[in-house]
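Here are the chains, one letter per residue:
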Amino acid sequence: MINELKVIYHNGKQYIPDLRKVKLRAPFRGRPEISTANVDEQALVDCCPLGAITSHPVRIDLGKCAFCGECAFAFPEKIKFTQDYKLASNKRENLIINEGETHPIILDKATIRKEIKKTFSKSLKLRQVSAGGDNSCENELGACGNTNFDMGRFGLEFVASPRHADGLLITGPLTENMAEPLQICYDAIPSPKIIILAGVDAISGGIFADSPALNRSFLDNHHIDLYIPGNPTHPLTIINGLLDLTR
Amino acid sequence: MIELENISQIRNNQAIDLKQITSLSYLDFFDVTVQLLEQKDNHCLTYFAYPTDKGLQFMMAIAQDKNYTILLFSHFLATTENQVLKSLSETIFALSIFEREIYENYGVYFTNHPWLKPVRFAHNRANKKLQISDYPFYQIKSEELHEVGVGPIHAGIIEPGHFRFICNGENVLHLEIQLGWQHRGVEQLFLDQKTNLQRNLLAENIAGDTVIGHTTTFVQTMEVLADKHVTERIQIERALALELERIAIHTGDIGALCTDAAYHLGANVFTILRTAIINFTQRWCGNRFGKSLVRLGGTYFPFTPALKKELLDMLASFEKQFNEMAELTYHLPSIQNRFDFVGTITPKQARLMGTVGLAARMSTIERDIRVTHPDFAYQKFPYQTITAPNGDVYARFLLKKKEIAKSIAWIRNVIEKEPFETAETEKPTYALTLQPNKLAISINEAWRGEVCHCAITDAKGELKHYKIKDPSLHNWKALELSLRNVEISDFPINNKSYNLSYCGHDL
């Protein structure tokens, strides 16, 4: 018993007191900022392996961005990644960063479905489904509940059964083979229910976007309530996104 | 009869002209394979087929653990010939999964195969009529028995796969694991993606828990094909990252095993300790899993003197806390009682299945690429492999702890002897010219076991075939066998003790 207490004492306080205000340090890559500097825009567009950058004006779509940082290394005067990890939004368009913009990414509160705040603000239980995820986003979702991030303090939790869930959180590019299980799982969740996409693979297909082994039709038929970018998405990005959606 | 001395051979991280690879008739191919794989110190790295204009080219790569070599030999099956071959799996069971893959992808039928059925229901499979829901499970007909089906979606935040148990009361008679749900068409994408940066990113996403393992193997394969030499420092930095990945995942696994044995103190503390390691990786390259660290030809993120100090400080505090917690955990009677003699694999079974990495070493088999086929980093700083005797859950649990200690010692030794004095480094180069008509192989000992990438170029120097083997491909069979004659409630601890990859298998 004494030895167990010693372990607890030696490990000290491990939980992060305020998950809204943590500062991450470089080289962590969060929300990018695009300066108005003049560069060879075609070369900039071409350097992105995922086609996340478009020109005239220069824009980065964080729904397609793997945060690999290649653009910032090739064009340091044009692109800078800040350490702002609050990247989630309920509107797909809000994930697109325009040239010269430095404001944070926000949720469009007006378009959040009314029942979300009413029903889930104190407690949100999610069923996670990996549909071709590479196990890094899955690991980060697991980390959200660990002693460091402890999202359970907000009533946020992942549950085993879709019957106990308030919504579906999808990772991975949505493989053909998972199309049916995904639909069955969604149908088993009682209403009202939400759908969240976590990670670049889920939002746009990421590096797998052109693969014939995918079936992303589920996304065409359902309303998405929250997009959480990243590759994988950081626990702070996930938790802040969920809090912004429900509170 | 073919003399084994005449079989073409290369070493890890080497390329060979396609013309120089020993080409055999199937009869000889069969005999040579059996002769080689019946020897204890040889095992199959990869066995695959790829289409050419006139038929299928079969390629076998066998690692020889005693003389650092990889034997390569091939067999050609023309389209005009009968697409039926005698199965090697009947004699060498470890090849079963490879024959199933060739059967699924190209429709070649292997006679006398123990059970020829699809592996992953790949999008480019030969028989599209067969759907993933048609998988033919093993069945035992008896009124005394019942079946338990779990998945593809599981009760936790993990990847999908289907487990079918046949139980007699609480006891499992048989477990069959069906995968394929995660299939993303990765190998084909390596050919379809035309820039090397895209391929580099693709390699990072093969298995997100083995980012360094797969990406390092990818860059080495491509650098060999392009005859591009990277600095010694870059090679050593990649190995440092590989060992950090091992420490992080092993620590997380130990925590997960504590969770399943209902030892919450251990579960919490080991999880916190894993955070310390992956947060260091984030300090190094901006990503907790090491994505964007390993790049073709170089890196944007050198291991700077500042990082060196930070890593040593972090490891010192990690080790202190880890040892204190491990001292309690590993001597706890309830843990020992839970893990001892559960899910045992004998050395004979392990060899038969061709297990690799931790799943081989837990059963006394000294199979470790860092020792048998070391790349530059492990030649300069040798690693001594360790094994465990019993092949049970406790052996896997114990080996993870011991490997963490070994990896920390290895990292400290490297840091002590390597200067890492500057923050300057070679930058990545994506414009590589691949040599035409070559085959290159790279293998690395990632935390689960050997990752093997094999690339083949055509006459124009374009990638013609890209073959990936994750260690899980061999090791899933070991999990199935571990469950025989244990209680179904022992499944979680067995599963976590292996922690195998679904996406690495499904590709």
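Residues numbered from 1 in each chain as written. Chains lettered and ligands numbered in written order. Predicted model: local features only at pLDDT ≥ 70, side-chain atom pairs only at ≥ 80, totals over all residues.

## Points about the overall build of chain B
Stated formally: Secondary structure elements are taken from DSSP: a helix is a run of H or I of four residues or more, a strand is a run of E of two residues or more, and numbering for both begins at the N terminus. Three exposure classes are used, all based on how many other C-beta atoms lie within 10 Å of a residue's own C-beta (placed from the backbone): buried at 20 or more, exposed at 12 or fewer, and partly exposed between those limits. C-beta atoms are placed from the backbone for every residue, and two residues are taken to be in contact when these atoms lie within 7 Å.
The secondary structure content of chain B amounts to 17 helices and 14 strands. With the C-alpha coordinates of chain B rotated into their principal frame, the extents come out at 65 × 65 × 40 Å. Within the span of chain B, comprising 507 residues, buried residues form 55% of the whole. A separation threshold of at least 6 residues defines the contact pool for chain B, and within that pool the share at least 24 residues apart is 68%.

## Digging into the interface of chain B and chain A
Here is the rule: Classification used: nonpolar for Ala, Val, Leu, Ile, Met, Phe, Trp, Tyr, Cys and Pro, charged for Asp, Glu, Lys and Arg, polar for all others including Gly.
Every contact between the two is made by 47 residues of chain B and, on the other side, 47 residues of chain A. Where the side of chain B that touches chain A is concerned, the elements lending two or more residues are α3 (186-192), α4 (196-204), α7 (264-285) and α8 (305-329) of chain B. The element best represented in the side of chain B that touches chain A is α7(B), accounting for eight residues. By residue class, the composition of the side of chain B that touches chain A is 24 nonpolar, 17 polar and six charged.

## So, the packing of helix α6 (residues 232-260) of chain B against helix α14 (residues 393-417) of chain B
Residues and elements named next belong to chain B. Rules: Convention adopted: a line fitted to C-alpha atoms gives each axis, helices being fitted over their contacting stretch, and angles between N-to-C directions are expressed from 0 to 180 degrees. For this classification, under 35 degrees means roughly parallel, over 145 means roughly antiparallel, 65 to 115 means roughly perpendicular, and everything else is oblique. By convention, the crossing between two helices is left-handed when the near helix turns anticlockwise from the far helix through less than a right angle, and right-handed when the turn is clockwise.
Interhelical geometry of α6 versus α14 gives an angle of 150 degrees and a closest axis separation of 9 Å. Between α6 and α14, the angle falls in the class roughly antiparallel. Along this stretch, α6 crosses α14, giving a crossing that reads as left-handed. Note on element contacts: α14 touches α6 through Phe-397, Lys-400, Lys-401, Glu-403, Ile-404, Ser-407, Ile-408, Trp-410, Ile-411 and Val-414, opposite Ile-236, Leu-240, Glu-243, Arg-246, Ile-247, His-250, Thr-251, Asp-253, Ile-254 and Leu-257. Considered class by class, the residues forming the contact of α6 with α14 number eleven nonpolar, three polar and six charged.

## Comments concerning the pairing of strand β13 (residues 450-457) of chain B
Residues and elements named next belong to chain B. The cut-off we apply is this: Pairing between two strands requires that DSSP report at least two bridges joining them.
When you tally the buried positions in β13, you get eight out of eight residues, the bulk of the element. Here β13 shows two buried faces, one formed by Glu-450, Cys-452, Cys-454 and Ile-456 and the other by Val-451, His-453, Ala-455 and Thr-457. Alignment of strand β12 (residues 438-445) against β13, held across seven bridges, turns out to be antiparallel. Within β13, the position partnered with Glu-445 by the bridge is Glu-450. Remark: four residues form the turn of the hairpin made by β12 and β13, two consecutive strands paired antiparallel; Gly-449 in that turn has positive phi of roughly 150 degrees. Once β13 ends, the chain turns through five residues before running back antiparallel as strand β14 (residues 463-469), passing Gly-461 with a positive phi of about 85 degrees.

## Structural notes on the packing of helix α15 (residues 472-482) of chain B against helix α16 (residues 491-498) of chain B
Working note: a packed helix pair is described by the angle between its axes plus the distance between those axes. Residue and element names in this part refer to chain B. Interhelical geometry of α15 versus α16 gives an angle of 155 degrees and a closest axis separation of 10 Å. With respect to α16, the axis of α15 lies roughly antiparallel. The way α15 lies across α16 gives a crossing that is right-handed. Taken together, the residues of α16 that come into contact with α15 (itself represented by Asn-475, Ala-478, Leu-479 and Ser-482) are Asn-494, Asn-495 and Tyr-498. Residue composition of the contact of α15 with α16, grouped by class: three nonpolar, four polar and no charged.

## What to know about helix α2 (residues 96-106) of chain B
Think of an α-helix as 3.6 residues a turn; residues three or four steps apart then line up on the same face. Residues and elements named next belong to chain B. Taken across its eleven residues, α2 has ten buried, putting it largely inside the fold. Within α2 the residues assigned to the buried category are Ser-96, Ile-97, Phe-98, Glu-99, Arg-100, Glu-101, Ile-102, Tyr-103, Glu-104 and Asn-105. Check the buried side of α2 and you find it contacts β4 (42-51), β8 (109-111) and α15.

## Comments concerning the domain arrangement of chain B
The accessible area lost on association of the parts is a frequent measure of interface size. Residues and elements named next belong to chain B. So the rule is basically this: Here the limits of each domain have been adopted from an automatic or database domain assignment.
For chain B, the assigned domains are domain 1 (4-132) and domain 2 (186-474 + 502-506). The distance between the C-alpha centroids of domain 1 and domain 2 comes to 26 Å. Across the contact, 25 residues belong to domain 1 and 29 residues belong to domain 2. Within the residue set of the side of domain 1 that touches domain 2, elements represented by two or more residues are β2 (14-17), β4 and β5 (55-64). Partitioned by chemical class, the residues of the side of domain 1 that touches domain 2 number 16 nonpolar, six polar and three charged.

## Overview of the sheet that holds strand β10 (residues 162-168) of chain B
All names here are of chain B. Strand order in the open sheet made by the three strands is β9-β10-β11, with antiparallel pairing throughout. Sheet topology places β9 (146-150) and β11 (171-178) at the edges, where each strand pairs with a single neighbour. Taken pair by pair, the neighbouring strands of this sheet meet at an average axis angle of 20 degrees, ignoring direction. One ladder, built from five bridges, connects β9 with β10; its direction is antiparallel. Bridged to Val-150 within β10 is Phe-163.

## Regarding the nonpolar core
Put simply, the test is: In plain words, the nonpolar core is the set of buried Ala, Val, Leu, Ile, Met, Phe, Trp, Tyr and Cys residues that C-beta atoms within 7 Å link up.
Core analysis: the biggest nonpolar cluster contains 213 residues, and A:Ala198, A:Ile228, B:Ala61 and B:Ile62 have the highest contact counts within it. Each of domain 1 (4-132) and domain 2 (186-474 + 502-506) of chain B contributes no fewer than three residues to this core. The contact partners of B:Ile62, leaving out residues within four places of it in the chain, are B:Leu36, B:Leu37, B:Asn42, B:Cys44, B:Leu45, B:Ile70 and B:Leu71.

## Remarks on the environment of A:Thr147
For A:Thr147, the location among the structural elements is in the loop between α5 (136-143) and β7 (156-158). With 17 C-beta atoms counted inside 10 Å, the residue A:Thr147 sits in the partly exposed group. Along the chain, A:Thr147 and A:Lys13 lie 134 residues apart, while their C-alpha atoms are 9.5 Å from each other. A:Thr147 has contacts with A:Gln14, A:Tyr15, B:Asn268, B:Thr271 and B:Ile272, leaving out every residue within four places of it along the chain.

## Notes on α15(B)
For α15(B), the tally of buried residues reaches nine of eleven residues, placing the bulk of the element in the interior. Restricting attention to buried positions, one finds in α15(B) the residues B:Ser472, B:Leu473, B:His474, B:Asn475, B:Trp476, B:Lys477, B:Ala478, B:Leu479 and B:Ser482.

## A short note on the sheet that holds strand β5 (residues 96-98) of chain A
All names here are of chain A. Pairing within the open sheet is antiparallel, and its three strands lie in the order β2-β3-β5. In the strand order of this sheet, the two ends are held by β2 (53-54) and β5, each with one partner. Of the pairings in the sheet, the one linking β2 to strand β3 (residues 59-61) comprises two bridges and is antiparallel in character. Its bridge partner being in β3, Ile-53 is matched across the sheet by Ile-60.

## Focus on the pairing of strand β8 (residues 167-171) of chain A
All names here are of chain A. Extensive coverage of β8 is indicated by the burial of five of its five residues. The alternating pattern of β8 places Gly-167, Leu-169 and Thr-171 on one face and Leu-168 and Ile-170 on the opposite face, and all of these are buried. Of the pairings in the sheet, the one linking β8 to strand β9 (residues 194-198) comprises four bridges and is parallel in character. Of the residues in β9, the one forming a bridge with Leu-168 is Ile-195.

## Examining the confidence of the model for chain B
Note the threshold: The predictor attaches a confidence to each residue, and that confidence, scored 0 to 100, is pLDDT.
Per-chain confidence: chain B averages 94 in pLDDT, with 100% of residues scoring 70 or above. With pTM at 0.95, the complex prediction returns an ipTM value of 0.94.

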